[in-house]
Amino acid sequence: MSLKHDIEFKLNGVSRCASVRVDMSALDMLRDVAGLTGTKYGCGEGECGACTILVDGLSLNSCLMFAVDCHGRDVVTIEGLAADAKADALRAAFVEHGAVQCGYCTPGMVMQASHLLATHPDADAEAIKRGIEGNLCRCTGYTKIVEAIASVSRTGKPGARS
Ligand code: FES
Ligand code: FES
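Residues numbered from 1 in each chain as written. Chains lettered and ligands numbered in written order. Predicted model: local features only at pLDDT ≥ 70, side-chain atom pairs only at ≥ 80, totals over all residues.

**Q** Teacher, can you tell me more about the overall build of the protein here?
**A** When you go through the protein residue by residue, the secondary structure sums to 5 helices and 5 strands. In the protein, the succession of α and β elements from N to C terminus is β-β-α-β-β-β-α-α-α-α. What you see for the protein is a C-alpha radius of gyration of 16 Å, in line with the 15 Å of a compact globule of 162 residues. Projected onto the principal axes, the alpha-carbon positions of the protein cover approximately 55 × 25 × 20 Å. (Helix = DSSP H or I, 4+ residues; strand = E, 2+ residues; numbered from the N terminus. Rg over C-alpha atoms; globule rule 2.2 N^0.38 Å.)

In structure tokens, the structure reads:
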């Protein structure tokens, strides 16, 4: 019996095939098979959000998803947001507001923030704090991250202290 399984899915808008171990996580598949290392491994337990991706438009922790479950799905990673104007504005805002220190959480934060603003374009500071509560940052204390995201939301209101 083969321990590998062939999957077909859409990755950042492009149809892909991959042969993956049945026990491989989507995160490992993205990093080690597809070579997209923008999605980070933090905890491996669904606690930190460093591995955030979009699957069929929903934000998910890729460390908790099996690669085989990507079959037939539409998967977007941080690399897939390279040409996305909102994500571009978020990246610029993170830099401008000093919301990046070590940067390890940043891809997951930008993915989550991008999803939040796509679904709640008027998110204020409180909504932003709730929206990123699954994404941990060891460096910034969150205030600058919330301010950065708020500057891109339609409210444009700076974040309150986290
Ligand atoms: S690595 Fe997936 S939530 Fe931490
Ligand atoms: S900037 Fe270092 S973990 Fe967030």
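Picking up after the structure, the text goes on.
**Q** How should the sheet that holds strand β4 (residues 58-61) be read in this particular structure?
**A** Either a parallel or an antiparallel arrangement is found when strands of a sheet pair, and the pairing is made through backbone hydrogen bonds. In spatial order, the strands read β2-β1-β5-β3-β4; together these 5 strands make up an open sheet with mixed pairing. In this open sheet, the two edge strands, each paired with only one partner strand, are β2 (14-21) and β4. Across the sheet, the mean angle from the axis of one strand to that of its neighbour is 40 degrees, orientation sign disregarded. Pairing of strand β1 (residues 4-11) with strand β5 (residues 74-76), which is carried by 2 bridges, proceeds in the parallel orientation. Residue Leu11 lies in a different strand from β5, and its bridge partner there is Val75. (Pairing = 2+ DSSP bridges. Axes fitted to C-alpha atoms, helices over the stretch in contact; angles between N-to-C directions.)

**Q** Just checking my understanding: could you explain the domain arrangement of the protein for this structure?
**A** Interface extent is often summarised as the accessible area lost during association of the parts. In terms of domain boundaries, the protein breaks down into domain 1 (4-80) and domain 2 (84-152). Computed from C-alpha coordinates alone, the two centres of domain 1 and domain 2 are separated by 21 Å. Taken together, the contacts link 13 residues of domain 1 with 11 residues of domain 2. If you tally residues by element for the side of domain 1 that touches domain 2, the top one is strand β3 (residues 52-55), at 3 residues. Of the residues belonging to the side of domain 1 that touches domain 2, the class tally is 6 nonpolar, 5 polar and 2 charged. (Domains from an automatic or database assignment. Contact = placed C-beta atoms within 7 Å. Nonpolar A, V, L, I, M, F, W, Y, C, P; charged D, E, K, R; others polar.)

**Q** In this structure, what is going on with the nonpolar core? I would like to understand it.
**A** Among soluble globular proteins, nonpolar side chains are generally buried collectively. In this structure, Met29, Leu90, Val110, Ala113, Ile128, Ile145 and Ile149 are the most contacted members of the largest nonpolar core, which totals 49 residues. Both of domain 1 (4-80) and domain 2 (84-152) provide at least three residues apiece to this core. (Core = buried A, V, L, I, M, F, W, Y, C linked by C-beta atoms within 7 Å. Buried ≥ 20, exposed ≤ 12 C-beta atoms within 10 Å, placed from the backbone.)

**Q** How should I be thinking about the pairing of β2 in this particular structure?
**A** It is a general feature of regular strands that their side chains alternate between the two faces of the sheet. Of the pairings in the sheet, the one linking β1 to β2 comprises 8 bridges and is antiparallel in character. Paired with Glu8 across the strands is Cys17, a residue of β2. In this antiparallel pair of consecutive strands, β1 and β2, the connection spans 2 residues, and Asn12 shows a positive phi of 50 degrees.

**Q** Please explain the packing of helix α2 (residues 85-96) against helix α5 (residues 143-152) as it appears in this structure.
**A** When two helices pack together, their arrangement is given by the angle between the helix axes and by the axis-to-axis distance. It is the contact of α2 with α5, at a shortest axis distance of 9 Å, that shows an interaxial angle of 140 degrees. The angle between α2 and α5 falls in the class oblique. Read as a crossing pair, α2 and α5 show a hand that is right-handed. The residues of α5 that touch α2, namely those facing Lys86, Ala89, Leu90, Ala93 and Phe94, are Ala148, Ile149, Ser151 and Val152. Per-class residue counts for the contact of α2 with α5 are 7 nonpolar, 1 polar and 1 charged. (Parallel < 35°, antiparallel > 145°, perpendicular 65-115°, else oblique. Left-handed = near helix turned anticlockwise from the far one by under 90°.)

**Q** Sorry, what's going on with unusual backbone geometry here?
**A** A positive phi angle is found at Asp56, which is not glycine, with a value near 50 degrees. Here Asp56 falls in the exposed class, since 11 other C-beta atoms lie within 10 Å of it. Although it is not a glycine, Tyr142 sits at a positive phi angle of roughly 75 degrees. Locating Tyr142 in the fold gives a position in the loop between α4 (125-131) and α5.

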